[in-house]
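# A look at the structure
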Amino acid sequence: MMRRSSTLVTAILCLSTVAFGAEPADSKVDFGRDVKPILARRCFSCHGPDEAESGLNLADKHSVLSAELDSGLRAVVPGDLEQSELLRRIASTDEYERMPPEGEPLKPEEVAAITNWVEKGAEWDAHWAFRQPEVVEPPAVENESWIRTPIDRFILSRLASAGLTPAASADRRTLIRRASYDLTGLPPTPEDVEAFLVDPDPRAYERLVDRLLDSPQYGEKWARHWLDIVRYAETNSFERDGAKPNSWRYRDYVIKSFNDDKPYDQFVIEQLAGDELPEKTDESIIATGYYRLGIWDDEPADPLQARFDELDDIVSTTGQAFLGLTTGCARCHDHKIDPIPQADYYGLVAFFHEITPYATRSDQQTNNQTDISPPAVQKQYAELETAIAALKGPMEEIEQRGIAKMSAPDQRRSEGPERQKLLERKLGGYLENADLERYTALSAERRRFQAQLKALPDRTLAMSVAKCLPEPPETFVMLRGSPHAPGDKVEPHFPVLFEAKAPEFPSDESGSHSSGRRLTLAKWIASPGNRLTSRVMANRIWQGHFGRGIVRSPNNFGQLGIPPTHPELLNWLAKTFVDGGWRMKPLHRLIMLSSTYRMSSEGNEAALAKDPQNDLFWRFDMRRLTAEEVRDSVLAVNGRLNREMFGPWIYPKLSQEVLAGQSRPGEGWSDSSESERNRRSIYAHVKRSLPVPILSVFDFPDSDGSCEARFTTTQPAQALTMLNGDLLNEEAKLFADRLRNESNSAEGRVRRAIELALCRPAEETDVERGLDLIGTLTASHGIDEDRALDLYCLVVLNTNEFAYLD
């Protein structure tokens with residue numbers, strides 16, 4: 001057996017001591033949260049369920065803690081750092097011995113976490129997210145003056161353990177801009193800023209938060225977060241990328257749900273089973289449009305494969321959006337990391353199997369469009385359509401008697417698309433007088449009914465689960481994920497990792513719309529006892545305010561996800577969320593009134609050295625505006641923003657060059673009026689094959705799948721779009737027009753531009769630079785004063801201060 005040197009053990013202990021964010025010596029190490037995710041990410045490819053090189057499978061407790069390796073050594077000896085070969089290899093500086101052998105070595109904090117775990121007995125706990133959450137009381141802290149809400153106790157306690165202190169509070173001007181964007185996605189007006197700055201009320205900030213939460217624009221901002229998660233788009237993708245009729249009603253449903261502060265459990269149930277509720281409403285029907293948002297191929301090469309791809313999209317999106325679980329791996333085999341066997345994946349498929357495909361090539365409405373017109377209108381349509389249908393039989397009988405007398409070529413024509421023309425031209429010549437009179441009367445009656453039908457108000461249709469299969473198909477485990485290779489039959493059941501009771505379904509009711517399976521699933525997902533649902537949504541709300549969640553992988557709470565930085569806080573937030581009736585606005589308020597949220601983004605060298613990623617929230621992270629916020633802010637500051645809410649999508653103006661990028665240039669894109677084009681970005685048409693450039697360049701998400709968190713890139717196309725693009729140049733001119741209307745002097749216009757765009761008064765240096773630029777453009781470049789002001793406004797809209805918060 002290889003000898004361990006005391007020097008190596010000392011080095012390991014040093015790493016454990018100096019690593020960032022190290023826990024106090026008496027703190028409990030959580031294997032599922034602190035250790036296993038590291039092993040899964042960095043080690044399982046060679047020492048995991050598929051491969052066990054050198055006899056080591058780090059996914060297996062016995063292999064790690066008890067079995068001998070091929071070398072005769074043991075990977076981990078609980079409590080014994082010197083005899084644990086795993087520690088020696090991950091801490092080695094010898095490139096031939098260090099593990100992992102390829103790529104970067106483990107980070108010091110990762111080595112420290114594994115070392116602490118071994119030193120404290122190497123307890124093999126279940127993954128943190130797969131255990132029932134343990135709720136603890138907010139911890140006691142020394143600096144009570146910093147505490148505004150219980151959230152601050154969790155944050156300050158961790159900061160103190162790491163030897164860090166929170167940043168100073170942000171000033172009022174920063175806070176109103178931050179809060180306005182976080183809750184409405186729009187900048188505050190100069191008048192709102194000034195009123196807040198001079199408000200002497202100690203509750204001024206609290207009242208600001210309440211006002212923003214009550215704003216209709218709150219729903220528009222936070223609906224966009226949800227639309228990212230559920231892969232919202234208004235077209236089908238693939239070559240034709242046809243529109244999804246009435247998909248916009250789902251978007252409006254989400255906006256309204258957020259504005260109404262609909263309880264989240266109800267929000268979940270309506271989307272997953274709104275058509276199965278005992279008392280269905282128009283809203284609950286529209287909510288099931290969730291199922292119809294995915295991509296759909298109207299002419300698949302393998303229809304059965306396409307059908308199961310559609311089901312996989314539903315299962316994967318549902319798992320990620322509501323449970324924070326990635327289930328896709330289990331479509332083909334047992335999940336290699338998380339305890340999700342293949343049978344559990346298909347158990348979930350069985351809940352959804354009765355949902356009809358989005359459409360068929362020949363009928364693209366029946367499965368996905370539900371009539372939600374007022375009952376009186378539906379009754380009128382039904383009566384007239386029944387009356388018209390009753391005329392069809394007698395008329396066809398008379399037609400056939402006439403056709404039988406026609407020539408053979410005409411008889412053949414009557415069997416094809418030319419039938420109607422043939423009947424109109426020739427039928428009368430082949431009918432007996434009695435038949436002709438009867439046919440003429442029936443035709444007149446049909447025309448009368450058709451005219452009445454045409455005079456009715458248009459039907460109100462909603463994209464939804466309009467049709468389910470009469471009997472849920474049997475579901476089988478598909479071998480290697482192939483729908484052409486069915487294996488064992490499975491019944492709908494909840495994943496075993498939840499240790500839940502078997503689902504109970506309503507008794508079969510003849511003629512019912514569906515089986516009720518989805519309602520059973522929805523109620524289980526939305527139950528207070530579900531160990532993931534409330535934590536996943538509480539994490540998303542936190543993410544919306546801080547730019548990242550307590551769990552940085554909000555769609556993946558599994559073992560390949562990123563563990564929570566503050567697990568106790570997450571559990572406490574989730575319980576508070578549920579205890580508050582699953583309402584989101586009180587949770588927003590609780591977060592935003594905390595000292596944690598009100599910190600400035602100012603850095604300090606000591607904290608940056610210890611916690612460069614700000615995992616412990618010692619300051620507020622600066623963030624760039626989202627794609628929608630950039631576009632909407634430009635419209636807001638130039639005074640052209642149309643705040644009209646709801647309704648069908650609008651078409652932003654696109655250049656011919658952009659439209660030419662389609663396989664059929666311009667198809668599926670229309671022109672909206674100027675007023676409509678100035679509406680908020682959430683109403684812009686989301687066409688999968690034709691993203692709006694100003695949005696896509698600022699990281700609008702790919703809508704083919706769920707987006708848990710948007711990228712924030714910095715790339716040349718952004719500068720080119722903002723400086724050279726037609727849209728920004730046109731909007732900058734309109735901004736300048738506003739300034740010309742509001743001030744008669746160049747200095748006044750510069751000051752007003754800064755005030756509107758940057759939410760602060762202009763400093764003297766701002767004025768000097770602005771006037772200098774305008775003067776240089778007119779004196780040295782032969783540009784008139786109006787054009788010079790246009791270009792100055794373009795410069796202001798291109799500043800970092802406009803595009804970034806804090």
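Residues numbered from 1 in each chain as written. Predicted model: local features only at pLDDT ≥ 70, side-chain atom pairs only at ≥ 80, totals over all residues. Heavy atoms only, no water.

## Here's the deal with the side chain of Arg738
Note the following rule: In this description a helix means any DSSP run of H or I spanning at least four residues, a strand means any run of E spanning at least two, and both kinds are numbered starting from the N terminus. We call two residues contacting when some pair of their heavy atoms lies within 4.5 Å.
With respect to the helices and strands, Arg738 occurs in helix α31 (residues 726-742). When sequence neighbours within four positions are dropped, the list of residues in contact with Arg738 reads Ala636, Val637, Asn638, Gly639, Arg752 and Leu756.

## Thoughts on the domain arrangement of the protein chain
Note the cut-off: Segmentation into domains, and thus their bounds, comes from an automatic or database assignment.
When cut into domains, the protein chain gives domain 1 (172-203), domain 2 (263-364 + 469-525), domain 3 (373-459) and domain 4 (724-805). For domain 3 versus domain 4, the distance between C-alpha centres works out to 68 Å.

## Regarding the side chain of His685
Defined as follows: Between buried and exposed lies partly exposed: a residue is buried under 20% and exposed over 50% of the maximum accessible area for its type, with that area taken using a 1.4 Å probe on protein chains only. Polar contact is the term for a pair of N or O atoms within 3.5 Å; when the atoms are in protein, one must be able to donate a hydrogen and the other to accept it, and sequence-neighboring residues count only if both atoms are side-chain atoms.
You can see His685 is positioned in the loop between α28 (674-677) and α29 (693-696). On the basis of relative accessibility, which here comes to 4%, the residue His685 falls in the buried class. Separated by 2.9 Å, the side chains of His685 and Glu234 make a polar contact. His685 has contacts with Glu234, Thr235, Trp649, Ile650, Tyr651, Pro652, Gly668, Trp669 and Val692, leaving out every residue within four places of it along the chain.

## What to know about helix α15 (residues 303-323)
Selection rule: In this analysis, the expected span of each helix is defined as 1.5 Å times one less than the number of residues it contains.
The end-to-end C-alpha separation of α15 is 29 Å, in line with the 30 Å expected for 21 residues at 1.5 Å each. Following α15 by one or two positions, Gly324 adopts a phi angle in the positive range, close to 65°.

## Some remarks on the environment of Asp210
Relative to the elements of secondary structure, Asp210 occurs in helix α10 (residues 204-214). Overall, Asp210 belongs to the partly exposed group, its relative accessible area being 22%. In sequence terms Asp210 and Lys585 are 375 residues apart; their C-alpha atoms lie 9.1 Å from each other.

## Things to note about unusual backbone geometry
Residue Pro100 follows Met99 across a cis peptide bond; omega there is -5°. Positionally, Pro100 belongs in the loop between α5 (85-91) and α6 (108-119). Positive phi values are uncommon outside glycine, yet Asp261 reaches one of about 55°. Residue placement: Asp261 occurs in the loop between α12 (248-259) and α13 (264-273). Phi is positive for Asp806, close to 65°, though the residue is something other than glycine. Residue classification places Asp806 among the partly exposed positions, given a relative accessible area of 31%.

## Considering the confidence of the model for the protein chain
Any segment with low pLDDT has predicted coordinates that should not be analysed in fine detail. For clarity, the cut-off: Note on scores: pLDDT gives the predictor's confidence for each residue, bounded by 0 and 100.
For the protein chain, per-residue confidence averages 93 on the pLDDT scale, and residues scoring 70 or more make up 96% of the total. Confidence over residues 1-9 falls short of pLDDT 50; this stretch has 15 contacts with residues more than four positions distant or in other chains. A low-confidence stretch, residues 15-26 (pLDDT under 50), is modelled with 21 contacts involving residues beyond four sequence positions or located in other chains.

## Considering the nonpolar core
Soluble, globular proteins show a tendency: their nonpolar side chains are buried together. Which entries qualify depends on this criterion: We define a nonpolar core as any set of buried Ala, Val, Leu, Ile, Met, Phe, Trp, Tyr and Cys residues linked to one another through side-chain atoms lying within 4.5 Å.
Grouped together as the largest cluster of nonpolar side chains are 172 residues, with contacts concentrated most on Trp226, Tyr250, Tyr264, Trp542 and Leu573. Ranked by residues supplied to this core, first place goes to helix α34 (residues 785-797) with eight residues. Aside from chain neighbours lying at most four places away, what touches Tyr250 is Trp226, Leu227, Val230, Tyr232, Gln271, Ile286, Ala287, Gly289, Tyr290 and Leu293. One finds Cys43, Leu56, Ala113 and Ile337 within the second-largest nonpolar core, a separate group that totals 28 residues.

## A short note on the packing of α15 against helix α16 (residues 342-352)
For clarity, the cut-off: Axis angles are defined between N-to-C directions and span 0 to 180 degrees, where every axis is a line fitted to C-alpha atoms and, for a helix, only to the segment in contact. Oblique is the label for any angle not under 35 degrees, not over 145, and not in the 65 to 115 range, which are roughly parallel, roughly antiparallel and roughly perpendicular in turn. Note that Gly is not counted as nonpolar here; it falls among the polar residues with everything else outside the nonpolar set of Ala, Val, Leu, Ile, Met, Phe, Trp, Tyr, Cys and Pro and the charged set of Asp, Glu, Lys and Arg.
Viewed as axis vectors pointing N to C, α15 and α16 meet at an angle of 110°, and their least axial separation amounts to 10 Å. Accordingly, the angle class assigned to the pair α15 and α16 is roughly perpendicular. Between α15, through Leu311, Asp312, Ile314, Val315 and Thr318, and α16, the contact on the second element is made entirely by Tyr345, Leu348, Val349 and Phe352. When grouped by side-chain class, the residues that make up the contact of α15 with α16 number seven nonpolar, one polar and one charged.

## As for the pattern of salt bridges
Defined as follows: In what follows, salt bridge is the name for a side-chain nitrogen of Lys or Arg lying within 4 Å of a carboxyl oxygen of Asp or Glu.
What the rule picks out here adds up to 70 salt bridges. Taking the shortest distance from any N to any O, the salt bridge between Asp298 and Arg240 comes out at 2.7 Å. Of the two residues, Asp298 sits in the loop between α14 (282-287) and α15 while Arg240 sits in the loop between α11 (216-229) and α12, which places them 58 residues apart along the sequence. Given the relative accessible area of 25%, Arg240 is considered partly exposed.

## Side note on the packing of aromatic side chains
Where we set the bar: Put simply, two rings from Phe, Tyr or Trp (the six-membered ring, in Trp's case) pair if the centres are within 6.5 Å, and we call them stacked under 30 degrees between planes, edge-to-face over 60, tilted for the rest. Placement of a charge over a ring requires the Lys NZ or Arg CZ to be within 6 Å of the ring centre, with the centre-to-atom vector within 35 degrees of the ring normal.
Counted under the stated rule, the structure contains 33 aromatic pairs. Consider the rings of Trp542 and Phe617, whose centres lie 5.4 Å apart with planes at 75°: the pair is edge-to-face. Of the two residues, Trp542 is situated in helix α22 (residues 533-546) and Phe617 in the loop between α25 (605-610) and β5 (623-624); the sequence distance between them amounts to 75 residues. Per residue, the accessibility class of Trp542 equals that of Phe617, and both read buried. We note Arg172 situated over the ring of Phe196; from NZ or CZ to the ring centre the distance is 4.9 Å. The ring of Tyr683 has Arg679 lying over it, and the distance from NZ or CZ to the ring centre is 4.3 Å.

## Digging into α10
When we look at burial in α10, the residues that qualify are Ala204, Tyr205, Leu208, Val209, Leu212 and Leu213. The elements touched by buried residues of α10 are α8 (172-184), α9 (190-198), α11 and α24 (584-592).

## Considering the state of the cysteines
Inclusion rule: In plain terms, two cysteine sulfur atoms within 2.5 Å form what is called a disulfide here.
Under the defined criterion, the tally for this structure stands at zero disulfides. Cys43 takes part in no disulfide bond, and the closest cysteine sulfur to it belongs to Cys46, at a distance of 8.8 Å. Cys43 gets classed as buried once you look at its relative accessible area, which sits at 11%. In this model Cys793 remains outside any disulfide bridge; the closest cysteine sulfur is found in Cys759, 15 Å from its own.

## Observations concerning the environment of Glu764
Among the secondary structure elements, Glu764 is positioned in helix α33 (residues 764-780). Expressed as a C-alpha distance, the spacing of Glu764 and Arg751, which sit 13 residues apart in the sequence, is 9.2 Å.

## Overview of the packing of helix α2 (residues 31-42) against α6
Cut-off, in case you're wondering: Take the far helix as your reference; a near helix turned counterclockwise from it by less than a right angle gives a left-handed crossing, and one turned clockwise gives a right-handed crossing.
Contact geometry of α2 with α6 gives a least axis separation of 10 Å together with a crossing angle of 125°. By the criterion of interaxial angle, the relationship of α2 to α6 is oblique. In terms of crossing hand, the pair formed by α2 and α6 is left-handed. On α6, the residues touching Phe31, Asp34, Val35, Ile38, Leu39, Arg41 and Arg42 of α2 are Glu110, Ala113, Ile114 and Trp117.

## Things to note about the environment of Ser507
Counting through the fold element by element, Ser507 comes out in the loop between β4 (486-490) and α21 (517-525). Residues Ser507 and Thr288, spaced 219 residues apart in sequence, show a C-alpha to C-alpha distance of 22 Å.

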